[in-house]
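# Residue-level structure breakdown
Given next are the chains, with one letter for each unit.
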Amino acid sequence: MEWVQQLVNGISLGSIYALIALGYTMVYGIIKLINFAHGEIFMIGAFVGFYAISGWGLGFFPALLLAMTVCALFGVIIERVAYRRLRNATRIAALITAIGISLLIQYVVIYFRGAQPEAYPNVLSNRSFDFFGAQISSQSLMILCTSIALMILLQFIVHKTKIGKAMRAVSHDMDAARLMGINVNTTISATFAIGSALAGAAGVFFGVYYTKIEPLMGVIPGLKAFVAAVLGGIGIIPGAMVGGLLLGVVETVVSALGYSLWRDAAAFIILILILLFKPSGIFGKNAREKV
Amino acid sequence: MLKVDGIDVFYGNIHALKGVSIEVLEGEIVTLIGANGAGKSTLLKTLSGLLKPKNGSIQYENKSIAGKAAQTIVKTGISHVPEGRRVFANMTVEENLELGAYVRKDKQIQKDIQKVYETFPRLHERRKQLSGTLSGGEQQMLAMGRAIMAKPKLLLLDEPSMGLAPIMVKTIFEIIEDINKNGTTILLVEQNAHMALSVAKRGYVIETGRVVLTGSAKDLQASEEIKSAYLGG
Ligand SMILES: Nc1ncnc2c1ncn2[C@@H]1O[C@H](COP(=O)(O)OP(=O)(O)OP(=O)(O)O)[C@@H](O)[C@H]1O
Ligand SMILES: [Mg+2]
């Protein structure tokens, strides 16, 4: 029954990737920018959660909520300060800016608190229980359930609320959206807020799950979540969810088969294969790019 | 209702509208005709706020709207059906209609969606379908239905007959007249000058960014210049 256990681990890890990937894909969907600073938002989320739990003694859910709120604000500010003025600039200019912001956040955090890692406090009780013979930890189950709840909430927002409809309209055609009376700037801010909040949640989950955080922790999960978003089809929300889960499972399986040194490589091999054979991703139609 | 006075509009260095003045009175259908690239769409985009004029004034219901943001202008009662329909292909027919009512806060929205379905029964059949999968004619109906959902006082239509079969053109024009009879003022851009002049009260002819001729639809239909340039002899 070990494989059930591995599968649950893989899905838990995958749900963290999925939450980060959602922000990449939503931002790409709306302004066609790969926000490379997104991994740093994830890191900020982990640290806010850390200080909230170990500094202020908050519980898991209040800390999660706080991290999500701070990250949402952070995402909105980054867009407002850095990306908005580049909206009509070339894509490469925006991309380079995103990389610049990413480095800036990393080193500002290091400047203020140093580069040393921090041990994440134990906020979730970690009993394991028996599930058809497999040992499942309550922690990974909790992470999994909360991520799924967040993803369902996201689907609800995107499909049923006014702001969600505005987001989809803006991502398809900004001028036509303006003609409907949609405020494009507000809608883009909302997209950054939601995507960043999800990354913040992922940061807290990551801290709880791997128990170690540090200022450069956003780089690799950020890149992997980017791979997950491309795997699912960049710009497609269910694609990011599926891509993230799939990547988590693949990594866990690769480790479980005894190739744990290949774990990180697996993600990038997937990226290369996807870009070679189906650049539009699992859910993407092989359509021409919209102008 | 709408008074445009001497507006200049640029795309970068391209001077697309040169001192254009037009007027639309409440209740009228006014048409703009002109060759490709004359500046008709540019004028509509400037009226709805997608473009900003460099000089000149735009008075709508005695208030200046020149340079205001599109999302502000639509709230004042101007709806623009853009060239090429521009429906939200990634959303269903019904969601497109709901977005048309984005600026409204009243409780009549669902009722008005049903009214649009009465006008365009085809849209009712397709209401759960992604609008990107509609035919061109159906997308045109949707684009018009979506604009009506905002309850506009002034409707700007950019080539509603483009790419439609003759029978469909006739239907669309009948609907345009109906919308007008129900109290909406219409500014209509058309390649099909013949049809446009048959429903309009007045018209303006635009050439390379300037208004070169204006008059009642009847006079324009009779004019030799118009006949040879836009009515095919
Ligand atoms: N986005 C743009 N950038 C640069 N130039 C533009 C742009 N849009 C239009 N133009 C130019 O402005 C002029 C007027 O274009 P406009 O679209 O208003 O013409 P039109 O009268 O609507 O023509 P058509 O009947 O072909 O739709 C044209 O010369 C066109 O090339
Ligand atoms: Mg045009």
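What counts, and where the lines are drawn
Residues numbered from 1 in each chain as written. Chains lettered and ligands numbered in written order. Predicted model: local features only at pLDDT ≥ 70, side-chain atom pairs only at ≥ 80, totals over all residues. Heavy atoms only, no water. Near = heavy atom within 4 Å. Polar contact = N/O pair within 3.5 Å; in protein donor to acceptor, adjacent residues only side chain to side chain. Areas by Shrake-Rupley, 256 points an atom, 1.4 Å probe, with all protein chains shown as cover. Helix = DSSP H or I, 4+ residues; strand = E, 2+ residues; numbered from the N terminus. Nonpolar A, V, L, I, M, F, W, Y, C, P; charged D, E, K, R; others polar. Donors = N, O, S within 2.8 Å, 3.2 Å for Na, K, Ca; no water. Buried < 20%, exposed > 50% of the residue type's maximum accessible area, 1.4 Å probe, protein only. Pairing = 2+ DSSP bridges. Axes fitted to C-alpha atoms, helices over the stretch in contact; angles between N-to-C directions. Contact = heavy atoms within 4.5 Å. Salt bridge = Lys/Arg side-chain N within 4 Å of Asp/Glu carboxyl O.

### A word on the site of ligand 1
All names here are of chain B. Taken together, 14 residues form the shell around ligand 1, and within it Lys 40, Ser 41, Thr 42, Glu 83 and Gln 191 come nearest. Lys 40 places a side-chain nitrogen or oxygen 2.7 Å from an oxygen atom of ligand 1. One of the side-chain nitrogen or oxygen atoms of Glu 159 is found 3.2 Å away from an oxygen atom of ligand 1. In isolation ligand 1 has 630 Å² of accessible area, and contact with the protein removes 64% of it. Secondary structure elements with two or more residues in the shell around ligand 1: β2 (14-24) and α1 (40-48). Take the shell around ligand 1: its biggest share by element is three residues, from α1. Its residues placed into classes, the shell around ligand 1 shows five nonpolar, six polar and three charged.

### As for the coordination of the magnesium ion (ligand 2)
All names here are of chain B. Within the protein, Ser 41 (OG) and Glu 83 (OE) serve as the donor atoms for the magnesium ion (ligand 2), at 1.9 to 2.5 Å. Of the two residues, Ser 41 is situated in helix α1 and Glu 83 in the loop between β6 (78-81) and α3 (93-100); the sequence distance between them amounts to 42 residues. Given a relative accessible area of 13%, Ser 41 falls into the buried group.

### Considering the sheet that holds strand β7 (residues 154-158) of chain B
Residue and element names in this part refer to chain B. A sheet is described by the order of its strands in space; here six strands give the open sequence β6-β7-β8-β3-β9-β10, paired in mixed fashion. The outermost strands of the open sheet, each flanked by one partner alone, are β6 and β10 (210-216). Taken over all neighbouring pairs, the strand axes of this sheet differ in orientation by 15 degrees on average, direction set aside. For β6 and β7, the ladder comprises four bridges, and the chain directions are parallel. Looking at the pairing, Val 81 lines up with Leu 157 of β7. Contacts between α1 and the sheet are confined to β3 (29-33), β6, β7, β8 (185-189) and β9 (202-207), with β7 contributing the most and set at about 150 degrees to the helix. Across the sheet, helix α7 (residues 166-181) is in contact with β3, β7 and β8; its angle to β8 comes to roughly 150 degrees.

### Some points on the pattern of salt bridges
Applying the stated criterion to the full structure yields 22 salt bridges over all chains. Close ionic contact of Arg 113 of chain A with Glu 118 of chain A constitutes a salt bridge, the shortest N to O distance being 2.7 Å. One salt bridge in this structure joins Glu 251 of chain A and Lys 224 of chain A, with 3.0 Å as the shortest N-O distance. Here the residue Glu 251 of chain A occupies a position in helix α10 (residues 237-256), and Lys 224 of chain A occupies one in helix α9 (residues 219-232), the gap between them amounting to 27 residues. Judged by its relative accessible area of 0%, Glu 251 of chain A falls in the buried class. A single network of salt bridges, built from pairs that share partners, joins Arg 104, Asp 106, Asp 112, Lys 115 and Lys 151 of chain B.

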